[in-house]
Amino acid sequence: MIKVASVNLPVDEELTIKKERIVPINSTGKEKRISIVTGTHGDELEGQYVCYELNRRIKKNIECLKGIVDIYPALNPLGIDSITRGIPAFDLDMNRIFPGSENGIMADYLAHKIVEDIKGSALCVDIHASNIFLMEIPQIRINEITKEELVPLAKMMNVDFVWVHCAATVLESTLAYSLNDVGTPTLVVEMGVGMRITKNYGDQLVDGILNTMKEMGMWTGEVNSVREPIISYDEDFEVNFINASSAGVFIPATKHWVNLNKGDHVGDIVDPLTGEVLDEIHSPCSGILFTLREYPVCDEGSLIARILERDEKI
Amino acid sequence: MKKTVLYEMKNLYRDNMRVTGYEFGCGEKSVCVVGSTRGNEIQQLYTCGLLVKTLKRIEKAGLINENKSIIVIPSINSSSMNIEKRFWPTDNTDINRMFPGYNLGETTQRIAGGVFEKINDYEYGIQFASFFMPGKFLPHVRMMMTENTDIEDAKKFGLQYIVKRTPRPFDTTTLNYNWQMWGTKAFSIYTHETENLDESSAMTGVYAVLNFLSQSGIINYSTHRGYNSSIIDADELYDLQTPVAGIFHPLCSVGDSVSKGQLLSKIIDPYEGKVLAEIKAPEYGNVFFMNNKQLVYANQILFKLTDDYTIIRKAENSEQQ
Ligand SMILES: [Zn+2]
């Protein structure tokens, strides 16, 4: 274990951001490095399994390792250990404070140390798990300003979907933006749902990471074949958002990651008090349902589903 | 006075959330005042309440000028206030990070959008705001410098300080910033408190708005309570941080004039009671901001000081070069 950063908390506790470094046998220290990071949001746990499983598979076949692997399972340790999405006590979204600063408040200082530590990696994979409300198919999200470099890498990662989205000013304070900005290619993975582990998604992503390492000359072991992702550019394909038209309880009528025809039943928002259906939700287009609401209670406006409009079926 | 519901959102089991506006005068949309956008902004809410009470009397006395209208919106987030949550009850999002909003989007985008479409055409916008760090401020008006800002307007509040700052990426979704983008001249007013009430600085906030209304020719009433404002750049405030975590033991108050080397606080070891660090004023100045949490973290900002000698030192430095 290596300490990336540590600070003392007020009452007899040291906050430490830890990483595990796995080096090849007979390492020269000059090998390419890949950084696997997760746990910026304390309620997103899908990356925990990925870190565990990747550690396990690499250590079991250490002779196949030709690069350096840094695994950071908890960028926000206080959040993970207290089931808090943000940084507890500061009420801050940790993914809105990068690149941080050396002399800033605790959160800024930690952000700075994290960026300094990961900087220089040949690739960084930042694993998120949506939130507790939504189930996501394994996907990589790419800011369009970095698409030339990142789309080819994303294709190796065994995800189902790559979403190249428009730039937004607020996203300039994310870890991925900061790292890409200093020349460290960083892929943001979103998959599964908050507060849970979806093991088959985790296995799928570990296959993808090993495949990518192999393509980059960092891994010589066997790898499972990877799937070709659907790649969506905001300017080419329409992503349709379905938001709740009314507060209520959402009862889905479809599975996640399926083809839908225009008009297909997605689910209902119901009122348990009266037995009424408040909103019967139908697909506004034909396409693939890649995001589906997992948490039943919704407000007016809560996201119910995202559908990638497309004629081709999966 | 006309009381109207500007925006209403249905909940599943709770009462609807209503955003209520109090309109005074009629005609040209002159000034919009917004109170709490976050559930812990009790002082901001209270200040608006006092303002509504005062404007009622001013209107009754016939002191609002012709063809001028003022709206006061005490809270746009009663749902969070009633359950003592700072951010939105379900998804923990911050309405003041959702502007200009989107009426087909997520819940807090809809609230922001629904309110914003009612208030984006006022000439001036004033928000009683709170800072992201918990603490007490000297009352001041804060403005984000965009091509739309005019410092002369900020002087009309007659507050002791005007703080200028350059917008950062995360500011682009605040009410203040979007008002400016839509052509409303926007100001944020900070008083002493957020969660707790401070009567005196709440009144300072009310008088500041009245000064502004009177100086802008909207009301015909003067409070005789104005200062000739000092203008400071947010970056020129001197941040005093604690090098260590521990218990914060302040030895001064917000507004104190402090001298160079004066002991402002001690950081105490929570288990052994010994002094871990002493925080001293590096220059002559005023305590502009003071942290009000008892437990502090390393590098946390404890004080922001105005530096009385900044301008002199800048001049000296440029002479030397
Ligand atoms: Zn996340």
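Just so we're clear, the structure is a prediction, and the values are computed from it rather than from any experiment. (Residues numbered from 1 in each chain as written. Chains lettered and ligands numbered in written order. Predicted model: local features only at pLDDT ≥ 70, side-chain atom pairs only at ≥ 80, totals over all residues.)

Colleague: Explain the overall build of chain A here, please?
Modeller: Within chain A, the regular secondary structure consists of six helices and 17 strands. The C-alpha radius of gyration of chain A comes to 20 Å, within 12% of the 20 Å expected for a compact globule of 314 residues. A principal-axis box enclosing the C-alpha atoms of chain A has dimensions of 65 × 50 × 35 Å. Counting every position in chain A, which comprises 314 residues, the buried fraction comes to 46%. Contacts in chain A between residues at least 24 apart in sequence constitute 65% of all its contacts with a sequence separation of at least 6. (Helix = DSSP H or I, 4+ residues; strand = E, 2+ residues; numbered from the N terminus. Rg over C-alpha atoms; globule rule 2.2 N^0.38 Å. Buried ≥ 20, exposed ≤ 12 C-beta atoms within 10 Å, placed from the backbone. Contact = placed C-beta atoms within 7 Å.)

Colleague: Just checking my understanding: could you explain the overall build of chain B for this structure?
Modeller: Regarding its fold elements, chain B presents seven helices and 18 strands. Whereas a compact globule of 321 residues would reach a radius of gyration of roughly 20 Å, chain B reaches 21 Å, a difference of no more than 12%. Overall, the C-alpha framework of chain B stretches about 55 × 50 × 35 Å when taken along its three principal axes. A total of 321 residues make up chain B; the buried ones form 45% of that total. Taking contacts inside chain B between residues at least 6 apart in sequence as the whole, the part at least 24 apart equals 63%.

Colleague: Mind showing me how you'd approach the confidence of the model for chain B here?
Modeller: For residues with low pLDDT, the predicted coordinates do not support detailed interpretation. Per-residue confidence for chain B gives a mean pLDDT of 93, with 98% of residues at or over 70. Overall fold confidence (pTM) sits at 0.92, and the ipTM for the predicted complex is 0.89. (pLDDT = per-residue confidence, 0-100.)

Colleague: Teacher, can you tell me more about the environment of Pro134(B) here?
Modeller: Mapped onto the secondary structure, Pro134(B) falls in the loop between strand 5 (124-128) and strand 6 (135-137). C-alpha of Pro134(B) to C-alpha of Thr173(B): the two residues are 39 residues apart in sequence and 21 Å apart in space.

Colleague: Can you walk me through the sheet that holds strand 14 (residues 263-268) of chain B in this structure?
Modeller: Residues and elements named next belong to chain B. Read across the sheet, four strands follow the order 15-14-12-17 without closing on themselves; strand pairing throughout is antiparallel. Sheet topology places strand 15 (275-280) and strand 17 (295-296) at the edges, where each strand pairs with a single neighbour. Pairing analysis gives five bridges linking strand 14 to strand 15, with the strands arranged antiparallel. Considered in strand 15, the bridge of isoleucine 267 is made with alanine 277. (Pairing = 2+ DSSP bridges.)

Colleague: Explanation requested: the domain arrangement of chain B in the structure shown.
Modeller: How big an interface is tends to be reported as the loss of accessible area on association of its parts. Residues and elements named next belong to chain B. Here chain B is partitioned into domain 1 (2-233) and domain 2 (237-320). Placing the centre of domain 1 and that of domain 2 at their C-alpha centroids yields a distance of 30 Å. The interface of domain 1 with domain 2 comprises eight residues on the first partner and 11 residues on the second. It is strand 6 that contributes the most residues to the side of domain 1 that touches domain 2, three residues altogether. A per-class count over the side of domain 1 that touches domain 2 returns five nonpolar, two polar and one charged. (Domains from an automatic or database assignment. Nonpolar A, V, L, I, M, F, W, Y, C, P; charged D, E, K, R; others polar.)

Colleague: Can you walk me through helix 1 (residues 42-60) of chain B in this structure?
Modeller: The α-helix winds at 3.6 residues per turn, so residues separated by three or four positions along the chain end up facing the same way. Between the first and last C-alpha of helix 1 of chain B there are 27 Å, a value that for 19 residues agrees with the 27 Å anticipated at 1.5 Å per step. Of the residues one or two after helix 1 of chain B, Gly62(B) is the one with positive phi, at around 70°. (Expected span 1.5 Å × (residues − 1).)

Colleague: Help me out: how do you make sense of the domain arrangement of chain A in this one?
Modeller: Residue and element names in this part refer to chain A. Entries for chain A in the domain assignment read domain 1 (2-233) and domain 2 (239-309). Here domain 1 and domain 2 have C-alpha centroids that lie 30 Å from each other. Those elements that provide at least two residues to the side of domain 1 that touches domain 2 are strand 6 (134-143) and strand 9 (230-233). Considering each element in turn, the side of domain 1 that touches domain 2 owes the most residues, five residues, to strand 6. Of the residues belonging to the side of domain 1 that touches domain 2, the class tally is eight nonpolar, two polar and one charged.

Colleague: Got a minute to help me understand the interface of chain A and chain B in this structure?
Modeller: The interface of chain A with chain B comprises 29 residues on the first partner and 31 residues on the second. Take the side of chain A that touches chain B: its biggest share by element is three residues, from strand 1 (residues 2-9) of chain A. For the side of chain A that touches chain B, the per-class residue count stands at 12 nonpolar, 10 polar and seven charged.

Colleague: Help me out: how do you make sense of the pairing of strand 1 of chain A in this one?
Modeller: As a general feature of sheets, a regular strand has side chains that alternate between the two faces. Residue and element names in this part refer to chain A. Here strand 1 pairs with strand 2 (residues 13-22) via seven bridges, running antiparallel. What sits directly across from asparagine 8, in strand 2, is glutamate 14. Between strand 1 and strand 2, which pair antiparallel one after the other, the connecting turn spans three residues, and aspartate 12 there sits at a positive phi close to 50°.

Colleague: When you look at the packing of helix 1 (residues 46-60) of chain A against helix 6 (residues 199-215) of chain A in this model, what are you seeing that I'm missing?
Modeller: The packing of two helices is summarised by the inter-axis angle and the distance between the axes. All names here are of chain A. Taken N-terminus to C-terminus, the directions of helix 1 and helix 6 make an angle of 50°; their axes are 9 Å apart at the nearest point. With respect to their mutual orientation, helix 1 and helix 6 come out oblique. Relative to helix 6, the crossing made by helix 1 is right-handed. Judged by residue contacts, Glu46, Tyr49, Val50, Glu53, Leu54 and Arg57 of helix 1 engage Lys199, Tyr201, Gly202, Asp203, Leu205, Val206, Ile209 and Leu210 from helix 6. Split into classes, the residues belonging to the contact of helix 1 with helix 6 amount to eight nonpolar, one polar and five charged. (Axes fitted to C-alpha atoms, helices over the stretch in contact; angles between N-to-C directions. Parallel < 35°, antiparallel > 145°, perpendicular 65-115°, else oblique. Left-handed = near helix turned anticlockwise from the far one by under 90°.)

Colleague: Is there a simple way to think about the sheet that holds strand 5 of chain B in this case?
Modeller: Working definition: the strands of a sheet are paired by backbone hydrogen bonds and lie parallel or antiparallel to each other. All names here are of chain B. Strand order across the open sheet formed by nine strands is 1-2-4-3-5-9-7-8-10, with mixed pairing between neighbours. Across the chains shown, the open sheet's two edge strands, defined by having one partner strand only, are strand 1 (2-9) and strand 10 (230-233). On average, adjacent strands in this sheet sit at an angle of 25° to one another, irrespective of strand direction. Contacting strand 2 (17-26), strand 3 (28-36), strand 4 (68-75) and strand 5, helix 1 crosses the sheet at an angle of about 150° to strand 4.

Colleague: So what exactly am I meant to see when it comes to the packing of helix 1 of chain B against helix 6 (residues 199-215) of chain B here?
Modeller: Residue and element names in this part refer to chain B. Running from N to C, helix 1 and helix 6 point in directions that differ by 50°, and their axes come no closer than 9 Å. Here helix 1 lies oblique to helix 6, going by the angle between them. The chirality of how helix 1 crosses helix 6 is right-handed. Counting all contacts with helix 1, which are made through Gln43, Tyr46, Thr47, Leu50, Leu51 and Thr54, the residues of helix 6 involved are Ala202, Met203, Gly205, Val206, Val209 and Leu210. Looking at the contact of helix 1 with helix 6 residue by residue, the class counts come to eight nonpolar, four polar and no charged.

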